[in-house]
Amino acid sequence: MNQKLENILDKCLDRMFNGESIETCLNAYPEQASELGPLLKTSHVIIQKSSAIQPAPEFKARVYSRLRAMSYAKQEKTERSKRIPIWHRKWLLAVASVLVVLLVGVGTVAASTSALPGKPLYPIKLTGEHIQLTLAFSNIDKAKLHIQFSERRAIEIAEMANQGKDDTIFALTEQFVSHLQQIYEIDNVDELMWDGVKTPAATSALPEEAEIFDERGNKEELRVMLSNSREESLFALGNALAKAPESTKASLQQAIEIATREYDKALYNLEKHSD
Amino acid sequence: MSIEKDIVSRAIKGDGAAFAQLYEEHLKRIYRYVYLKVGNRTEAEDLTQEVFVKALEAITTYKWRSLPFNSWLFRIAHNLVVDHFRKQGKVEKIPLDDDMALPSKSNPALAAELALEIKDLTKDIEKLSSAQREVILLRFGAELSTAEVASLLAKSTGTVKALQHNAIVALRKMSSSDK
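This is a predicted model, so every value here is computed, not measured. (Residues numbered from 1 in each chain as written. Chains lettered and ligands numbered in written order. Predicted model: local features only at pLDDT ≥ 70, side-chain atom pairs only at ≥ 80, totals over all residues. Heavy atoms only, no water.)

Could you clarify how one ought to interpret the overall build of chain A in this entry?
Along chain A, the regular secondary structure elements total eleven helices and zero strands. Entry remark: accessible area of chain A is about 15000 Å², with carbon and sulfur atoms responsible for 57%. (Helix = DSSP H or I, 4+ residues; strand = E, 2+ residues; numbered from the N terminus. Areas by Shrake-Rupley, 256 points an atom, 1.4 Å probe, with all protein chains shown as cover.)

Explanation requested: the interface of chain B and chain A in the structure shown.
Accessible area lost when the parts come together is the quantity often used to give the size of an interface. Taken residue by residue, the interface counts 40 residues in chain B and 37 residues in chain A. In total, about 3900 Å² of surface goes out of reach between chain B and chain A, with carbon and sulfur atoms giving 67% of it. The interface formed by chain B and chain A includes four salt bridges. A salt bridge links lysine 60 of chain A to glutamate 24 of chain B, with the nearest nitrogen and oxygen atoms 3.4 Å apart. On inspection of chain B and its partner chain A, the count reaches twelve residue pairs in polar contact (both at pLDDT 80 or more). (Contact = heavy atoms within 4.5 Å. Buried area = accessible area lost by both parts, 1.4 Å probe. Salt bridge = Lys/Arg side-chain N within 4 Å of Asp/Glu carboxyl O. Polar contact = N/O pair within 3.5 Å; in protein donor to acceptor, adjacent residues only side chain to side chain.)

Sorry, what's going on with the packing of aromatic side chains here?
What characterises a pair of aromatic rings is the spacing of the ring centres plus the angle enclosed by the ring planes. Scanning all chains against the criterion turns up ten aromatic pairs over all chains. Both rings, one in tyrosine 62 of chain B and one in phenylalanine 69 of chain B, keep their centres 5.5 Å apart while their planes meet at 85 degrees; by these two values the pair is edge-to-face. Exposure class is identical for tyrosine 62 of chain B and phenylalanine 69 of chain B. Each is buried. An aromatic cluster of three or more residues is present, and its members are Phe59 of chain A together with Tyr31 and Tyr35 of chain B. (Phe/Tyr/Trp six-rings, centres within 6.5 Å; stacked < 30°, edge-to-face > 60°. Buried < 20%, exposed > 50% of the residue type's maximum accessible area, 1.4 Å probe, protein only.)

Looking at this structure, I do not really get the nonpolar core. What am I missing?
Soluble, globular proteins show a tendency: their nonpolar side chains are buried together. In terms of nonpolar packing, the biggest core is built from 77 residues, with Leu36 and Leu40 of chain A together with Val34 of chain B touching the most fellow members. Counting residues in each nonpolar core, the second largest holds 34 residues, with Ala143, Ile183, Leu237 and Ala259 of chain A among its members. (Core = buried A, V, L, I, M, F, W, Y, C linked by side-chain atoms within 4.5 Å.)

Quick question: what am I supposed to make of the side chain of glutamine 32 of chain A here?
Relative to the helices and strands, glutamine 32 of chain A resides in the loop between α2 (22-28) and α3 (33-51). Apart from residues no more than four positions distant in its own chain, glutamine 32 of chain A is found in contact with Lys4, Leu5 and Ile8 of chain A.

Got a minute to help me understand unusual backbone geometry in this structure?
The phi angle of most residues is negative, glycine excepted, and most peptide bonds adopt the trans form. Residue and element names in this part refer to chain B. Unusually for a residue other than glycine, glutamate 143 sits at a positive phi of about 55 degrees. Positionally, glutamate 143 belongs in the loop between α6 (130-141) and α7 (146-153). We classify glutamate 143 as partly exposed; its relative accessible area is 37%. With a phi close to 55 degrees, alanine 154 is a non-glycine residue in the positive phi region. Mapped onto the fold, alanine 154 is located in the loop between α7 and α8 (157-178).

Can you help me understand the packing of helix α7 (residues 122-135) of chain A against helix α8 (residues 139-162) of chain A in this one?
Helix-helix packing is described using two parameters, namely the angle between the two axes and the distance between the axes. All names here are of chain A. Two elements in contact, α7 and α8, have axes whose closest approach is 10 Å; the angle formed by their N-to-C orientations is 160 degrees. Between α7 and α8, the angle is such that the two are roughly antiparallel. The two elements α7 and α8 cross, and the hand of that crossing is left-handed. From α7, Tyr122, Lys125, Leu126, Glu129, Gln132 and Leu133 reach across to α8, where they touch Lys142, Leu145, His146, Phe149, Arg152, Arg153 and Glu156. For the contact of α7 with α8, the residue count by class is five nonpolar, two polar and six charged. (Axes fitted to C-alpha atoms, helices over the stretch in contact; angles between N-to-C directions. Parallel < 35°, antiparallel > 145°, perpendicular 65-115°, else oblique. Left-handed = near helix turned anticlockwise from the far one by under 90°. Nonpolar A, V, L, I, M, F, W, Y, C, P; charged D, E, K, R; others polar.)

It is not clear to me how α3 of chain A should be interpreted in this structure. Could you clarify?
The periodicity of an α-helix, 3.6 residues per turn, causes residues three or four places apart in sequence to face the same way. For α3 of chain A, built from 19 residues, the straight-helix expectation of 27 Å at 1.5 Å per residue is met to within 8% by its first-to-last C-alpha distance of 25 Å. Of the positions making up α3 of chain A, those classed as buried are Leu36, Gly37, Leu39, Leu40, Thr42, Ser43, Ile46, Ile47, Lys49 and Ser50 of chain A. (Expected span 1.5 Å × (residues − 1).)

Whenever I open this one, the packing of helix α2 (residues 16-38) of chain B against helix α3 (residues 41-58) of chain B confuses me. Can you help?
Residue and element names in this part refer to chain B. At a minimum axis distance of 9 Å, the contact between α2 and α3 shows a crossing angle of 140 degrees. Taken together, α2 and α3 sit at an angle that is classed as oblique. Along this stretch, α2 crosses α3, giving a crossing that reads as right-handed. Residue-level contacts link Phe19, Tyr23, His26, Leu27, Ile30, Tyr31, Val34, Tyr35 and Val38 of α2 to Arg41, Glu43, Ala44, Glu45, Leu47, Thr48, Val51, Phe52, Ala55 and Leu56 of α3.

Shown next as structure tokens:
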């Protein structure tokens, strides 16, 4: 008897989850109505109360944006690793750089520098940047390129926000951070000022003095470049925040906070090592 | 192939739009389930977010044969909640907040009343045995079918129906004694 009631209650609950009323269920089981009725009323109250628990729209949008960015980054990574095998990457990149220029043409490569994510020329732009970093002569050149590319990412974030493309902002912010952190990493290994091509001062008659002068000069040059880049990037992002649609404002605000923090960290690090 | 199976297999292959569809489809129920377990909006949001991040990271390891997709998601949610309580060194207890997201937030009086009712409900659910509580949360919070609950809890459907029946009888008694 009880087992029968448990089964009927379960069937009725399924019907109620699908929007049917208590009465419909009771009419279907008139013999059990007296026992079933109170249980269905309690169940109805539980259904009503629990269905009132809803995620906030801002939360929903925030997580959605994070997941899209994660998927995008995952996809990019897979595609990149498919395109370029791990072994002999430097050689492949050197060959690729020549091929890219030959096949795509100098004009297209130059035009790709202003391409935005999602556009056909954008992968060419990223490949170009990768090639430039791989072929950079010295760590100071690499650091300069990272500063330049971080600023490009910031401008792309601003553009994407203006276009309401929230899903790419997070991935671009991650790339932005990665460029700035790589400056820090180069600086940390303390090779920044000594490897690669020296400026004329380094080849003067007094090598020790020249090296010190060269180091200070390079650091100052980097510091100025980074400081200008900070100004440009934050200006572009701030401007975008004023114009961006509501749907992208939260991600953009987050990107500005991250950009400010990362620039300050990179500048602090450069200044600390200059002392 | 069912529509969801198709979406899941696209998500496994790295299709971000397919995963976004799964997120849209399951978010509300996962959030509700987690909320009813932790009783706190901030913690419920953090854990819900974590469920989907973990699911995205691990989706390539998911196999339809062993578990339906929504049961897989609820298993992640369940494990995260258990870990959450373990880290905090507390048993599953519901510290309810009043700042929950309710559809009637534009009407503060109604929202407050509803919040109070949900608070009462969760307090009552807390008094159930752990097996009854899990069945009620999975059936009413997560809206899983009896078969899905049975598969998730590794119990027979008969046992789940009995637990469900006993839990509703107990909740009915509690609500009548509250009045």
